[in-house]
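Residues per chain are reported as follows:
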Amino acid sequence: MNLTRRRSLRSAAAALLLAAVAGCSSTDGRPSAAVPGPDSATATLCRKLDDRLPQRVAGMERNDPEPESALTAGWGSPAIILRCGVPRPGAMNDPDAEGVEADGVGWLMEQPGDGSFRFTTTLRRAYVEVALPAEHVPEGLAPLSDLAPSITEAVPEGIAD
């Protein structure tokens with residue numbers, strides 16, 4: 001196999017992995033999302049959060065991703081995906097990183113470059129990530145505001161390990 005073909009295969013494999021992590025549709029129409037692997041204390045907070053999450057976010061019904069997990073949730077199609085217990089984003093080390101506040105919950109805001117946004121909670125004992133597809137960007141911070149009461153109740157303020 002020549003070098004160009006190997007690079008093409010690696011690029012294709014990387015693209016497939018990225019699509020699975022970002023939250024694409026599975027064969028049955030449900031979105032998919034990579035399930036985080038936090039420590040047991042963080043997983044306990046995430047299960048508590050899952051019990052408190054709303055049925056509707058930004059006017060869209062809950063549509064949880066595959067594989068089923070208390071660490072992930074979704075709403076709408078294309079889905080807004082929440083993942084609890086994600087690792088601390090490297091961008092939190094950047095003093096110029098952009099942040100927003102929605103109903104008392106602070107968020108690191110990142111733009112992957114495809115028109116979507118990714119938000120990760122700050123100053124909470126577990127990192128909660130919300131991926132907002134480009135189609136839902138006009139709703140602005142509405143999804144974060146809808147999620148704020150659940151996060152405030154389930155994930156105490158503090159610094160995640």
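- The name an unreviewed UniProt entry gives the protein chain is DUF3515 domain-containing protein, with Streptomyces fungicidicus as the organism.

### Quick look at the side chain of R83
In step 1: Mapped onto the elements of the fold, R83 is located in strand β4 (residues 80-84).
In step 2: Residue class for R83 comes out buried when judged on its relative accessible area of 11%.
In step 3: For R83, the side chain forms a polar contact with the main-chain oxygen of A34, separated by 2.9 Å.
In step 4: Setting aside anything within four residues of it in sequence, one finds R83 in contact with A33, A34, P36, L71, T72, Y127, V128 and E129.

### Focus: the sheet that holds strand β8 (residues 128-132)
In step 1: Spatial strand order, β3-β4-β8-β7-β6-β5: six strands in an open sheet with antiparallel pairing. At either end of the open sheet lies a strand with only one pairing partner, and these are β3 (72-75) and β5 (98-102). The mean inter-strand angle of the sheet, taken between neighbouring strand axes irrespective of direction, is 25°.
In step 2: Packed onto the sheet, helix α3 (residues 142-154) meets β3, β4, β5, β6 (105-110), β7 (117-121) and β8 and runs at close to 135° relative to β6.

### Remarks on the pattern of salt bridges
In step 1: Scanning the model with the defined rule gives nine salt bridges in all.
In step 2: For R52, the salt bridge identified is with E153, shortest N-O distance 3.4 Å. Taken together, the residues R52 in helix α2 (residues 40-52) and E153 in helix α3 connect sequence positions 101 residues apart.
In step 3: E129 is the partner of R83 in a salt bridge, and the nearest nitrogen-oxygen pair spans 2.9 Å.

Calculation notes
- Think of each chain on its own: its residues are numbered from 1, step by step along the sequence as written.
- Where local features are concerned, this predicted model is filtered to residues with pLDDT of at least 70; where side-chain atom pairs are given and counted, the filter is 80 or more; whole-chain, interface and lining totals use all residues.
- For side-chain calculations, the full set of non-hydrogen atoms in the structure is used, while hydrogens and water are omitted.
- The way it works is that DSSP assigns letters per residue, a run of H or I at least four long becomes a helix, a run of E at least two long becomes a strand, and they are numbered from the N terminus.
- Only protein chains enter the accessibility calculation, which uses a 1.4 Å probe. A residue is then buried if its area is under 20% of the maximum for its type, exposed if over 50%, and partly exposed in between.
- Definition of a polar contact: a pair of N or O atoms within 3.5 Å, with one able to donate and the other able to accept a hydrogen when the atoms are protein atoms, and with sequence-neighbouring residues admitted only if both atoms are side-chain atoms.
- Two residues qualify as a contact provided that any one of their heavy atoms is within 4.5 Å of a heavy atom in the partner residue.
- DSSP bridges decide pairing: two strands pair if at least two such bridges lie between them.
- Throughout, an axis means a line fitted to C-alpha atoms (over the contacting stretch in the case of helices), and angles, computed between N-to-C directions, take values from 0 to 180 degrees.
- Salt bridge, as used here, is a side-chain nitrogen of Lys or Arg placed within 4 Å of a carboxyl oxygen of Asp or Glu.

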